[in-house]
Amino acid sequence: QQQVKQSPQSLIVQKGGISIINCAYENTAFDYFPWYQQFPGKGPALLIAIRPDVSEKKEGRFTISFNKSAKQFSLHIMDSQPGDSATYFCAASSPLGNNQGGKLIFGQGTELSVKP
Amino acid sequence: DGGITQSPKYLFRKEGQNVTLSCEQNLNHDAMYWYRQDPGQGLRLIYYSQIVNDFQKGDIAEGYSVSREKKESFPLTVTSAQKNPTAFYLCASSIKFGGGNNQPQHFGDGTRLSIL
């Protein structure tokens, strides 16, 4: 129940296209859903995050869509660029006091390649 | 220039040897974390510390040990009991443990450990 399932494992998109990465969860106590971006040989960096009280959050070309009833959330990268080529991780956490509360549970990661 | 410094960048371990990975932060964060990253498995929590002189086991603590004697330092020892230590190790910190979107986790650039 603590898992976060991420798909696809890898994604190839043409420059200018839309990249879409999906995550699903079971634990309804999760209340924080961040996305991290990781370049080769580097640590992950927070890209964008959402709380379940909103259905969408946009920051520049990056948008999180959140479907509470389906227990799914996704990252959309508009106008994808070669510089977006990286590994993307979704994650989720529940409040302190819950079982495993406070810990970030990560998805398996998606390796995105944007072709010029 | 605030951040998290992990050293060394690459480390090799011989059979039966303990090795220690360094993690230092100058962000004045209370909470620190160690993750292990394997291909296709996302990030898995090894140990975390909510405050100095305190630490708890994560999901895969067997074969690892930590200490938190100073706020800015959280070294990880990979002991000879860890039979499959080859991985990318990431250290992270946050203002407080379990802070969610107001207090995200910040990551270092990792240490890659290999077996000789």
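Here the residue numbering is sequential within each chain, running from 1 through the sequence in written order. Lettering for chains starts from A, numbering for ligands starts from 1, and both go in the order in which the items are written. The predicted nature of this model means local features are confined to residues of pLDDT at least 70 and side-chain atom pairs, given and counted, to a pLDDT of 80 or more, with totals for whole chains, interfaces and linings taken over all residues. Hydrogens and water molecules were not included; the side-chain quantities draw on all heavy atoms of the structure.

Caption draft 1: Region of interest: the overall build of chain B. A run of H or I in DSSP becomes a helix once it reaches four residues, and a run of E becomes a strand once it reaches two; helices and strands are each numbered from the N terminus. Secondary structure summary: chain B contains zero helices and 11 strands in total. Starting at the N terminus and ending at the C terminus, chain B contains elements arranged as β-β-β-β-β-β-β-β-β-β-β. Here the globule rule is a power law, 2.2 Å times the number of residues to the power 0.38, and the radius of gyration is based on C-alpha atoms. The C-alpha atoms of chain B give a radius of gyration of 13 Å, which matches the 13 Å a tight globule of 116 residues would have. Relative accessibility decides the category of a residue: with a 1.4 Å probe and only protein chains considered, values under 20% of the type maximum give buried, values over 50% give exposed, and everything between is partly exposed. Looking at the 116 residues of chain B, the share that counts as buried comes to 50%. The contact rule is simple, with two residues in contact once any of their heavy atoms fall within 4.5 Å. Partitioning the contacts of chain B with sequence separation of at least 6, the portion at a separation of at least 24 is 55%. Each accessible area is a Shrake-Rupley result for a 1.4 Å probe, and residues are judged covered by the shown protein chains and nothing else. Here chain B displays about 5,500 Å² of accessible surface, and carbon together with sulfur accounts for 45% of that area. Within this scheme the basic residues Lys and Arg register as positive and the acidic residues Asp and Glu register as negative, but His and the chain ends are omitted. For this purpose, a charge sits on NZ of Lys, CZ of Arg, CG of Asp or CD of Glu. Positive and negative charge centroids in chain B, built from 12 and 11 side chains respectively, lie 4 Å apart.

Caption draft 2: View of the pattern of salt bridges. All names here are of chain B. Any Lys or Arg side-chain nitrogen found within 4 Å of a carboxyl oxygen on Asp or Glu counts as a salt bridge. Evaluated as defined, the whole model comprises nine salt bridges over all chains. Its salt-bridge partner being K96, residue D30 comes within 2.4 Å of it at the nearest N-O pair. Of the two residues, D30 sits in the loop between β3 (19–25) and β4 (31–37) while K96 sits in the loop between β9 (87–94) and β10 (106–107), which places them 66 residues apart along the sequence. Note on D30: relative accessible area 13%, which makes it buried. Residue K96 is classed as partly exposed on the basis of its relative accessible area, which comes to 42%. Through salt bridges with shared partners, one network takes in D30, K71 and K96.

Caption draft 3: Quick peek at the sheet that holds strand β3 (residues 19–25) of chain A. Residues and elements named next belong to chain A. Overall, antiparallel pairing links the five strands, which are arranged β1-β3-β8-β7-β6 in an open sheet. The sheet is open, and its two edges are formed by β1 (4–7) and β6 (56–59), each paired on a single side. If you compare each strand with its neighbour and ignore which way they point, the axes differ by 15° on average. When β1 meets β3, the two strands line up antiparallel, connected through four bridges. Along β3, the bridge assignment pairs Q6 with C23. At least two DSSP bridges between two strands are required for those strands to pair. Between N-to-C directions, angles cover 0 to 180 degrees, with each direction set by a line fitted to C-alpha atoms, over the stretch in contact for helices.

Caption draft 4: Highlighting the sheet that holds strand β1 (residues 4–7) of chain B. Residues and elements named next belong to chain B. Here we have four strands laid out as an open sheet, ordered β1-β3-β8-β7, and antiparallel in their pairing. The outermost strands of the open sheet, each flanked by one partner alone, are β1 and β7 (64–66). Each neighbouring strand pair of the sheet contributes to a mean axis angle of 20°, computed without reference to strand direction. Bridging between β7 and strand β8 (residues 76–78) involves three bridges; their strand directions are antiparallel. Bridge pairing in β8 links Y64 to V78.

Caption draft 5: Here's a closer look at a nonpolar patch on the surface. All names here are of chain A. Each patch is built from salt-bridge-free residues with over 30% relative accessible area, joining like charges within 9 Å and nonpolar side chains (Val, Leu, Ile, Met, Phe, Trp, Tyr) within 5 Å. Together, I18, I20 and M78 make up a nonpolar patch on the protein surface, roughly 240 Å² of accessible area in all. Inspection of the secondary structure puts M78 in the loop between β8 (72–77) and β9 (86–92). A relative accessible area of 34% places M78 in the partly exposed class.

Caption draft 6: Examining the environment of D84 of chain A more closely. Residues and elements named next belong to chain A. Tracing the chain through its elements places D84 in the loop between β8 and β9. Separated by 66 residues in sequence, D84 and I18 place their C-alpha atoms 11 Å apart. Residue contacts for D84: discarding those within four places in its chain leaves Q37, R61, F62, I77, D79, L112 and V114.

Caption draft 7: Structural view of the layout of surface pockets. Here a cavity means grid points, on a 1 Å grid over the protein atoms only, where a 1.4 Å probe fits yet cannot get out; a pocket means an open set of points with protein on both sides within 12 Å along at least five of seven lines; lining residues are those with an atom within 4 Å of a point. Grid points are joined across faces, edges and corners, and a volume is the space filled by probe spheres set on the points. The space that makes up the largest pocket amounts to roughly 440 Å³. In terms of lining residues, the largest pocket is bounded by 24 residues, among which Q38, T87 and E111 of chain A together with Q37 and P39 of chain B are the most central. Within the residue set of the lining of the largest pocket, elements represented by two or more residues are β9 and β11 (110–115) of chain A. Under the scheme applied here, ten amino acids are nonpolar (Ala, Val, Leu, Ile, Met, Phe, Trp, Tyr, Cys and Pro), four are charged (Asp, Glu, Lys and Arg), and all others, including Gly, are polar. In the lining of the largest pocket, the residues fall into seven nonpolar, 13 polar and four charged. What the second largest pocket holds in volume is close to 320 Å³. Lining of the second largest pocket is provided by 15 residues; of these, I105 and F106 of chain A together with L43, R44 and D59 of chain B occupy positions nearest its centre.

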